[in-house]
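# Remarks on the overall topology
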Amino acid sequence: MSRDGRAPPLRARDLADCYNLPEPMRFIDEARVYVQAGKGGDGAIAFLREKYRPFGGPAGGDGGRGGDVVFEVNEGLSTLLDFKYKPRLIARDGEPGRGKQQYGHKGDDLIVRVPPGTLAFDEESGAMLADLVMPGERAIIAKAGAGGLGNMHFVSSTRRAPRIATPGTMGERRWVRMELRLVAEAGLVGLPNAGKSTLLRALSAARPKVAPYPFTTLKPNLGRVRVSDDESFTLADIPGLIEGAHLGHGLGIRFLRHLKRTRLLVYVLDLTGDPERDFAIVRREVAAFDPAMAARPSLIALNKLDLTEPAAAERIARDLARHSGLEAFAISAEAALGLEPLVAAIAARLAAANAPAAAACPS
Ligand SMILES: Nc1nc2c(ncn2[C@@H]2O[C@H](COP(=O)(O)OP(=O)(O)OP(=O)(O)O)[C@@H](O)[C@H]2O)c(=O)[nH]1
Ligand SMILES: [Mg+2]
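About the criteria used
- All chains use their own residue numbering, which begins from 1 and follows the written sequence.
- For naming, the first written chain is A and the first written ligand is 1, with later ones following in the order written.
- In view of the model being predicted, local features appear only for residues whose pLDDT reaches at least 70, and side-chain atom pairs are presented and counted only at 80 or more, with totals across whole chains, interfaces and linings using the full set of residues.
- By definition, any uninterrupted DSSP run of H or I lasting at least four residues is a helix, any uninterrupted run of E lasting at least two residues is a strand, and each is numbered from the N terminus.
- With C-beta atoms placed from the backbone, a residue is labelled by how many other C-beta atoms lie within 10 Å of its own: buried for 20 or more, exposed for 12 or fewer, partly exposed between the two.
- Whether two residues are in contact is decided by their C-beta atoms, placed from the backbone, lying within 7 Å.
- Each pair of strands is called paired provided DSSP finds at least two bridges between the two strands.
- Fitted lines through C-alpha atoms give the axes, limited to the stretch in contact for helices. The angle between two N-to-C directions lies from 0 to 180 degrees.
- Any residue qualifies as near a molecule or strand once its backbone-derived C-beta atom lies within 6 Å of it.
- The residue classification treats Ala, Val, Leu, Ile, Met, Phe, Trp, Tyr, Cys and Pro as nonpolar and Asp, Glu, Lys and Arg as charged. All others, Gly included, are polar.
- Think of a nonpolar core as buried Ala, Val, Leu, Ile, Met, Phe, Trp, Tyr and Cys residues, each tied to the set through C-beta atoms within 7 Å.

## A word on the overall build of the protein chain
- If you tally the helices and strands in the protein chain, you get seven helices and 14 strands.
- When each of the 363 residues of the protein chain is scored for burial, the buried share is 45%.
- A separation of at least 24 residues holds for 72% of the contacts in the protein chain among residues at least 6 apart in sequence.

## Description of the sheet that holds strand β6 (residues 128–132)
- The strand order β3-β1-β8-β5-β6 describes an open sheet built from five strands, whose pairing is mixed. The open sheet has two edge strands, β3 (88–90) and β6, and neither has a second partner. This sheet shows a mean twist of 25° between the axes of neighbouring strands, independent of strand direction.
- Bridge count between strand β1 (residues 30–36) and strand β8 (residues 173–180): seven bridges; the pairing is antiparallel. The partner of R32 across the bridge, within β8, is R177.

## What to know about unusual backbone geometry
- Of note, the phi angle at K100 is positive, near 55°, even though the residue is not glycine.
- Here K100 lies in the loop between β3 and β4 (110–114).
- Looking at K100, the number of C-beta atoms within 10 Å reads 13, which means it is partly exposed.
- A positive phi angle is found at Q101, which is not glycine, with a value near 60°.
- Its location among the elements puts Q101 in the loop between β3 and β4.

## Topic: the environment of R160
- Looking at where R160 falls in the secondary structure, it is placed in the loop between β7 (138–142) and β8.
- A residue is classified by how many C-beta atoms lie within 10 Å of it, and R160, with 10 of them, is exposed.
- When the C-alpha positions of R160 and G57 are compared, they lie 7.1 Å apart, and in sequence the two are 103 residues distant.

## Let's talk about the environment of T166
- One can find T166 in the loop between β7 and β8.
- According to the C-beta neighbour criterion, T166 is partly exposed, with 18 such atoms within 10 Å.
- Residues T166 and N151 lie 15 residues apart in sequence; the distance between their C-alpha atoms is 8.1 Å.
- Non-local contacts of T166, meaning those with residues more than four positions away in its chain, are made with G43, G148 and L149.

## Quick word on the site of ligand 1
- Within the structure, ligand 1 sits among 25 residues, and G195, S197, T217, G240 and E334 are positioned closest to it.
- The dominant element in the shell around ligand 1, judged by the number of residues it contributes, is helix α3 (residues 196–203), at three residues.
- Each residue belonging to the shell around ligand 1 can be placed in one class, and the counts come to 11 nonpolar, 10 polar and four charged.

## What to know about the pairing of strand β14 (residues 327–330)
- In terms of strand pairing, strand β13 (residues 298–303) meets β14 through four bridges, oriented parallel. What sits directly across from I300, in β14, is A328.

## Quick look at the nonpolar core
- V266, I300, A301, L302, F329 and I346 are the most contacted members of the largest nonpolar core, which totals 54 residues.
- When sequence neighbours within four positions are dropped, the list of residues in contact with I300 reads Y267, L269, F279, L320, S324, L326, E327, A328 and F329.

## Some points on the pairing of strand β9 (residues 186–190)
- In terms of burial, β9 is largely enclosed, as five of its five residues are buried.
- Burial along β9 is two-sided: the face carrying A186, L188 and G190 and the face carrying G187 and V189 are both buried.
- In this sheet, strand β11 (residues 231–237) lies alongside β9 in parallel orientation, the contact comprising three bridges. Note that in β11 the partner of A186 across the bridge is L235.
- In this sheet, strand β12 (residues 264–270) lies alongside β9 in parallel orientation, the contact comprising five bridges. Note on β12: the bridge partner recorded for G187 is L265.

## What to know about the sheet that holds β14
- Spatial strand order, β10-β11-β9-β12-β13-β14: six strands in an open sheet with mixed pairing. Edge positions in the open sheet fall to β10 (221–228) and β14, since each of these has one partner strand only. Across the sheet, the mean angle from the axis of one strand to that of its neighbour is 25°, orientation sign disregarded.
- By the bridge criterion, six bridges tie β12 to β13 in an arrangement that is parallel. Considered in β13, the bridge of V268 is made with A301.
- Together, β9, β10, β11, β12, β13 and β14 form the strand contacts of helix α7 (residues 339–353), whose direction differs from that of β12 by roughly 155°.

Here is the structure:
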């Protein structure tokens, strides 16, 4: 117990141990991979020697280009887990050129399937190599080497039988840091147990785990919320934040990365607790992660209305709205109360925020 009588905050490591999670199951949203593109095939030195053309001249073909390492977004994937097991991504080399002016075959590209929201950085320089969002979107992460030239290119009037060919060049190779950011338009933030996952379940087909203990959610979840026949938005639910999360308490604030590109935050607060205090805590943690994120358009959802006196809930909502300057809605995620006005407000805010989306995403 700490001095104020409360239990000391749990650290991520304690939690993983509590739930007996095997190492690879823990927070796989970062990975480090080695990528190596194929070397170009060497150019060939060869001379044509046929029965009736004994000095048929230089005929060494060019080497084939190597294969690129290419990341491609696959909608079916949602983690970087595969890369923990297979961190070496090596594309094929090009084949060397051959006689009779034959080109070497190009090495096959290595197409690596990655989840939507994958960012790739060159580990050494920190430069961003790719920011992949849309299904099918591709980026070359390591560029293949070019094939060498065969000796057939080096023939001239004074050099009838060149014994020169150039080697293929090496493919790019590098260590790459991959980071997964869910691509959501709106994100739910709040203390553990506030009902974020319950709300995502109530609003979308997503089925994140819900349970009456803190830190049920250990990785971000994403759902699509239907507003009308032709309107919908994606909503992310991330692990709960606690006071001092930016210092590593609880599960920390690293999951806020997944909300980096959201255009709207929904603070989910428990009406049966102290919503004013909880809001201050969560907002402080968000600001500690990124002040720009705390300044983003936001709404408040005061949850567990079914456990509260409606009049009291209304008063809390009014007060909180006045103090925070944000719209506040009293809802029950579990009993499906007050959800429509909340969804309508989220949709309206997203529509309004549509245009400056790029400005809201500094990275
Ligand atoms: N009575 C009532 N209980 C709710 C409501 N919403 C959520 N709960 C309960 O509150 C508990 C926590 O809900 P979760 O949805 O798991 O909370 P969370 O915010 O996702 O929690 P973490 O994932 O731990 O951060 C569960 O037992 C839910 O059944 C609600 O509107 N009314
Ligand atoms: Mg949850």
